[in-house]
Amino acid sequence: MFALTFLGTSASVPSAERNHPALLVEAAGQRILVDCGEGTQRQLLRSGAGFRRLDRILLTHAHLDHVLGIPGLFSTLGLRQTSDVMSIHGGEGTLDIVIRMLAGLWGAGRAPIAVEFSALSEGQVIDAGDFIIDCFPVRHRDTDSFGFVFKSPARRHLRSDRLAALGVPDGPLRGELAQGRPIVVDGRTIDPEDVLGPPSGGKKLVVIGDTETTDGLSKHVADADMLVIEATFLDRDAPTARNYGHLTAAEAASFAAANNVGQLVLTHMSGRYEDEEIRAEAARIFPNSRIAADFDHVVI
C-alpha cells in the first residue's frame, strides 16, 4: 500500500490555493518526500503529516520551484534537534545545485542537520524490503531529470479452505507454510504449494515531474496502478508547452491510456486554466483521470 499526500500542486508560479511542487509518499512505516518546493515545511504542518520519520527526499530535477523548500525544512528540523540523517537523491547536476545552495547559507559541508547525498542513475534507488524504488531518466529542458517507480511485491497468501481440508492446525505450522517451508502433519508432508493461493496485492506507483515528452517512458510506466504526472498546458497551447518543456493534459492522458494505467493523477497545474477544463481534456481520452489539489490524500 502507498499513501500519497499532495503538498504542492502548482506549476512554477504558486497560487493562493496551490503551493510549489512536493509530494509525500508513505509506505511500510517510511515517509519519503518527492521534491521540496518553497513552503513545503508549512504544507507538511497544514496537512497534519508533520516532520516525524521524514528522512529521505527524491528530487525530480533542480528547477527552483522543486528545491527551494529544502533550506527552510532543514532549518526547522535543526531547531527541532532531529537525530535523523536526511538522504537526498537526485541527478548529479541537481545535487550540485542543492549542495551549493546549502553551502551558500551555512558553509561548505555544513547544514543544520546531517545530510547524505546520493546521485541517481537508472535503476534501483532503495530496497526497503516491503517495497522498492527505481528511477529512470526523463527529458525536461536542460536538466538531469528523473522519474520514480514505487513497487510493492505481490504476495501469496494461505488458503483457509486448503488448510482446513488438509488438517493444518492454527499456530506455528501455518507460519512455516507462509514462509515457504514444508511441514509434517500426522505423518503427511504438506508443501507450501498445496495451500498457497496465486500472487496478489502488489502495487505500482509512478511519479514523473516536469517532462517535455513521454517518448521512451512506456517500459517504466506500463501497468502502473497510479501515474502521477504533470499537465501544465492544454492541447490548444501545445506549441507553448513544447517551448517550455512541458506536457498537455491530452498528452498525459494518451500516455496513460496507451500503457494500461489504473488511475491518472495530474499535477503541476497552471493558473491560466480552470481545473475542470484540464480534467475534461484528460477524461475525454482517459476517463479515470483526476486533478490533484493541495492536501489531497490518496491511497493505492
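Remember, it's a predicted structure, so these values are computed and weren't measured experimentally.

### A short note on unusual backbone geometry
No. 1: Unlike most non-glycine residues, Ala28 shows phi in positive territory, near 50 degrees.
No. 2: Of note in the backbone geometry, Arg141 takes a positive phi value of approximately 55 degrees without being a glycine.
No. 3: In this fold, Arg141 is placed in the loop between β8 (132-138) and β9 (145-152).

### Description of helix α4 (residues 92-106)
No. 1: End to end, α4 covers 21 Å across 15 residues, agreeing with the expected 21 Å (1.5 Å per residue, within 8%).
No. 2: Those residues of α4 that fall on the buried side of the exposure criterion are Thr94, Leu95, Val98, Met101 and Leu102. The buried side chains of α4 occupy one side of the element, clustering within an arc of 125 degrees when seen end-on. With respect to the buried face of α4, the exposed residues turned more than 90 degrees away are Glu92, Arg100 and Gly104.
No. 3: Against α2 (64-67), α3 (70-79), β5 (86-90) and β6 (115-119) lie the buried residues of α4.
No. 4: After α4 finishes, the residue Gly107 shows a positive phi value of roughly 100 degrees.

### Some points on the sheet that holds strand β3 (residues 30-34)
Either a parallel or an antiparallel arrangement is found when strands of a sheet pair, and the pairing is made through backbone hydrogen bonds.
No. 1: In spatial order, the strands read β6-β5-β4-β3-β2-β1-β16; together these seven strands make up an open sheet with mixed pairing. The open sheet has two free edges, formed respectively by β6 and β16 (297-299), since each of these has just one partner strand. The sheet shows a mean angle of 20 degrees between the axes of neighbouring strands, direction not considered.
No. 2: The pairing of β3 with strand β4 (residues 54-58) spans three bridges and is parallel. From the neighbouring strand, Leu33 faces β4, where its bridge partner is Ile57.
No. 3: Against the sheet, α4 touches β5 and β6, its axis set at about 155 degrees to β6.

### Let's talk about the pairing of strand β13 (residues 226-230)
No. 1: Burial analysis of β13 places five of its five residues in the buried class, the great majority of the element.
No. 2: Alternating positions in β13 separate into two faces, Met226, Val228 and Glu230 on one and Leu227 and Ile229 on the other, with burial throughout.
No. 3: The pairing of β13 with strand β14 (residues 263-267) spans five bridges and is classified as parallel. Paired with Val228 across the two strands is Val265, which belongs to β14.

### As for the environment of Gly262
No. 1: Inspection of the secondary structure assignment puts Gly262 in the loop between α9 (249-258) and β14.
No. 2: Separated by 56 residues in sequence, Gly262 and Val206 have C-alpha atoms that sit 11 Å apart.
No. 3: In contact with Gly262, not counting residues within four places along its chain, are Ala224, Asp225, Phe286 and Asn288.

### Let's talk about the pattern of salt bridges
No. 1: Applying the stated criterion to the full structure yields 13 salt bridges.
No. 2: For the salt bridge of Arg181 with Glu176, the shortest nitrogen-to-oxygen distance reads 2.8 Å.
No. 3: Judged by relative accessible area, which is 39%, Arg181 ranks as partly exposed.

### A closer look at the sheet that holds β9
No. 1: Taken together, seven strands build an open sheet; the order of strands is β7-β8-β9-β12-β13-β14-β15 and the sheet is mixed. Each edge of the sheet is formed by a strand with only one pairing partner; in this case those strands are β7 (123-127) and β15 (289-291). In this sheet, neighbouring strand axes are inclined to one another by 20 degrees on average, regardless of whether the strands run parallel or antiparallel.
No. 2: Here β9 runs beside strand β12 (residues 203-207); their pairing, made up of five bridges, is antiparallel. The partner of Ser152 across the bridge, within β12, is Lys203.

Conventions adopted
Residues numbered from 1 in each chain as written. Predicted model: local features only at pLDDT ≥ 70, side-chain atom pairs only at ≥ 80, totals over all residues. Heavy atoms only, no water. Helix = DSSP H or I, 4+ residues; strand = E, 2+ residues; numbered from the N terminus. Expected span 1.5 Å × (residues − 1). Buried < 20%, exposed > 50% of the residue type's maximum accessible area, 1.4 Å probe, protein only. Arc of directions from axis to C-beta. Contact = heavy atoms within 4.5 Å. Pairing = 2+ DSSP bridges. Axes fitted to C-alpha atoms, helices over the stretch in contact; angles between N-to-C directions. Salt bridge = Lys/Arg side-chain N within 4 Å of Asp/Glu carboxyl O.

Any link to function would need more than the numbers given here.
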